[in-house]
Amino acid sequence: MTDACDPWTAGTSPAVSSTFKDVIAAHQQGDADTAESGYRAFLAGQPNHSQALQMLSLLLMQQKRSAEAMAVYRRVIDAEPAVPNHWANFGGMLRGAGRADAAGDAYRRALALDPVHGAATFNLANLLGAAPPGGAGRPLDAAVWYERVLGLTPDQAQARNNLDILRQKNADRFEAAMRREVTRDPQSPHAHERLARTLLQSSGLLDWYPGKACAVDFKRALAAFDHLRFALTIQPAPAPEQDDRARTWLALALDLLQLGTLDDGRLELAARAAWRRLRVEPKDALAAALVGYHVYRRGRLTLASRLQTRFAARFTAAEIAANAELGYWSMLRADDAFFARLPPVDSVIARLPALETLADAGDGTGPTIMMSGDDAYVRRFGPDLLQSIARQSPGASVVLHLVAPTAGTLGLVEEWRQRYPLALAVSRERPDLSGWPPVRRNTYFACVRFIRAFQWHQRLGRPLIVLDLDAVVRSDLRQLASDMVDRDLGLMLDKRRRGPFREILVGFDYYNDTPLAGRFLATVAAYIGHFLLDAEPRWMLDQSAHLATVHWFQRRNPPLRIRWHDFQSFAHCSFVGEK
């Protein structure tokens, strides 16, 4: 937000000669002496000329002659005392001169003349929020004025940012004040919303985004959810702030769900509100996602995927690509018709670059550990993972699959083969990903590994463990074979029910050497191949493919025999970041 009035662009009277314009030009070019003498000469003939007084005052402030500048600007105010812009600008000058109290009075004079004066409101909030001596050190009062700014201009990003910082730095004071306000007026939607936003700020949730690991106070975040809901319940309709409040509440519900802390009761409340919202806003992707998560939580994955498929038809491909939730749901297909149309995995493999074996696996009967990645990812995480496997499982069979490796990386991998006491097999593929955006390239690297895992599983004829490259092994993974005697698969399950894209985590997968495990992995590979080759692959595709395929197989006879590992207590590996 700028100052209330810009003297550079204020219009000049047609009667003013070009001499005054020359003076302004000299000022703009940095010739202060010429400009000052020119302004004073002009004012000698027209002592109350508003723009000339403002320009001279500006020049004096630029020269750090604040006392003289304010004396000149006071003449502007004396000539036109009812102009709010003059008082707003004068407030800025007073604050710049270190006179915070007088600046506050000037801003209030501007607001008395124009109660919705944006610059005066914003600058008064800044003044009140700043610590002495440059400000008043009254963050609670400042928040009131920032909220008034946002009421006038909801998209004023700087006011929102300043308010968030203010709440973060003064969390205890804000929370205590907001709780007093709710106690004083328990039916005030504004009081409940302000308390909710304060709790959100202090919870740490605003610093979180999917994929980022950070500390969150979930008790505070859930309390914020409840206060926002109460504000929505008691607010009389129609209310202009209801839409922003409702979107904040629904977005909070989605964040809490993805963090595994939204219980079924709260999710149902949000989903019911989302259904109502979709009647008014049929392309509200946030509302549709919450409906999908609610249906999934009720154990109806196939229905959830069908609903989202119908919902996605309302959007263009570009709109789906631009929205993460739409992208996630577009890759989840759990219906029988989709699986019936999947091409055979061999036809998928035929359309991919050839799998080249650079170092073959030796003979063996125990499980083989496989990891895969692009050039940068292999260099970054490969040494730590291989070292941990060698420490915990010396002599283990390992497959390292490389996507588009450089000659330097191939040389480095050969050094690893000599260094670590492992039976290290190596394969590569050389896809042409030129022109692919980074997100799609990363998705290819993450997902094609399961197609390559199917090929290696078929070739080796023994159990295969697929690990994320950013994992570190904490035990001898070969010992897990004793738990897999009567099982087809070993999978990590996140019991927090964070949604279908985060339920089965593919940082660790054990595919036994059973016919059903082979058919399962072939189906996962075909599922992934469909999106890699014939649709738009997006992040979470590998997890979606496993969940949907497990769901589909479990409706058949015989069902898969799965050894579930609780992700949160999985002691055999640790992983980088949030999964």
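These numbers come from a predicted model, not from an experiment.

Counting across every chain of the model gives 24 aromatic pairs. Residues tyrosine 527 and phenylalanine 531 carry aromatic rings whose centres are separated by 5.6 Å and whose planes lie at 35 degrees to one another, so their mutual orientation is tilted. A residue pair is termed a helical-turn pair when its members lie 3 or 4 positions apart in one helix, as tyrosine 527 and phenylalanine 531 do in helix H24 (residues 515-534) at four residues. With respect to burial, tyrosine 527 and phenylalanine 531 carry one shared label: buried. Over the ring of tryptophan 145 we find arginine 148, and its NZ or CZ is 4.1 Å from the ring centre.

Moving on, we come to the environment of leucine 516. Checked against the element boundaries, leucine 516 lands in helix H24. In the structure, leucine 516 is positioned 262 residues away from leucine 254 in sequence and 36 Å away in space, judged by C-alpha atoms. Leaving out residues up to four positions away in the same chain, leucine 516 has contacts with Asp488, Phe553, Pro558, Pro559 and Leu560.

Let us now look at the pairing of strand E2 (residues 368-374). In summary, the side chains of a regular strand alternate between the two faces of the sheet. Among the seven residues in E2, seven count as buried, and that is most of the element. Side chains Thr368, Met370, Ser372 and Asp374 project from E2 onto one buried face, and the interleaved Ile369, Met371 and Gly373 project onto a second face that is buried too. With three bridges joining them, E2 and strand E5 (residues 464-467) adopt parallel strand pairing. The residue bridging methionine 370 from the neighbouring strand is valine 466, located in E5. In this sheet, strand E3 (residues 397-403) lies alongside E2 in parallel orientation, the contact comprising six bridges. Residue serine 372 lies in a different strand from E3, and its bridge partner there is histidine 401. As for the winding sense of the linkage, the β-α-β connection from E2 through helix H21 (residues 375-392) to E3 is right-handed.

Summarising burial for strand E4 (residues 423-429): six of the seven residues are buried, a large majority. The sheet contact formed by strand E1 (residues 356-359) and E4 spans three bridges and is antiparallel. Each bridged residue has a counterpart across the sheet, and for glutamate 356 the counterpart in E4 is arginine 428.

Quick look at helix H15 (residues 285-297) now. The end-to-end C-alpha separation of H15 is 18 Å, in line with the 18 Å expected for 13 residues at 1.5 Å each. Summarising burial for H15: 13 of the 13 residues are buried, a large majority. Two to three positions downstream of the cap, the backbone nitrogen of leucine 286 sits 3.1 Å from a side-chain oxygen, assigning the N-cap of H15 to aspartate 284. The first or second residue beyond H15 is glycine 299, which carries a positive phi of 85 degrees.

Time to look at the sheet that holds E3. One open sheet holds the eight strands; their spatial order is E1-E4-E3-E2-E5-E8-E7-E9, and the pairing between them is mixed. Each edge of the sheet is formed by a strand with only one pairing partner; in this case those strands are E1 and strand E9 (562-566). Mean inter-strand twist for the sheet, computed between neighbouring axes without regard to direction, equals 25 degrees. Packing against the sheet, H21 makes contact with E2, E3, E4 and E5, and its axis sits at approximately 155 degrees to E2.

The rules behind each value
- Residues numbered from 1 in each chain as written.
- Predicted model: local features only at pLDDT ≥ 70, side-chain atom pairs only at ≥ 80, totals over all residues.
- Heavy atoms only, no water.
- Phe/Tyr/Trp six-rings, centres within 6.5 Å; stacked < 30°, edge-to-face > 60°.
- Helix = DSSP H or I, 4+ residues; strand = E, 2+ residues; numbered from the N terminus.
- Buried < 20%, exposed > 50% of the residue type's maximum accessible area, 1.4 Å probe, protein only.
- Lys NZ or Arg CZ within 6 Å of the ring centre and 35° of its normal.
- Contact = heavy atoms within 4.5 Å.
- Pairing = 2+ DSSP bridges.
- Right-handed = clockwise from strand over helix to strand, strands pointing away.
- Expected span 1.5 Å × (residues − 1).
- Polar contact = N/O pair within 3.5 Å; in protein donor to acceptor, adjacent residues only side chain to side chain.
- Axes fitted to C-alpha atoms, helices over the stretch in contact; angles between N-to-C directions.

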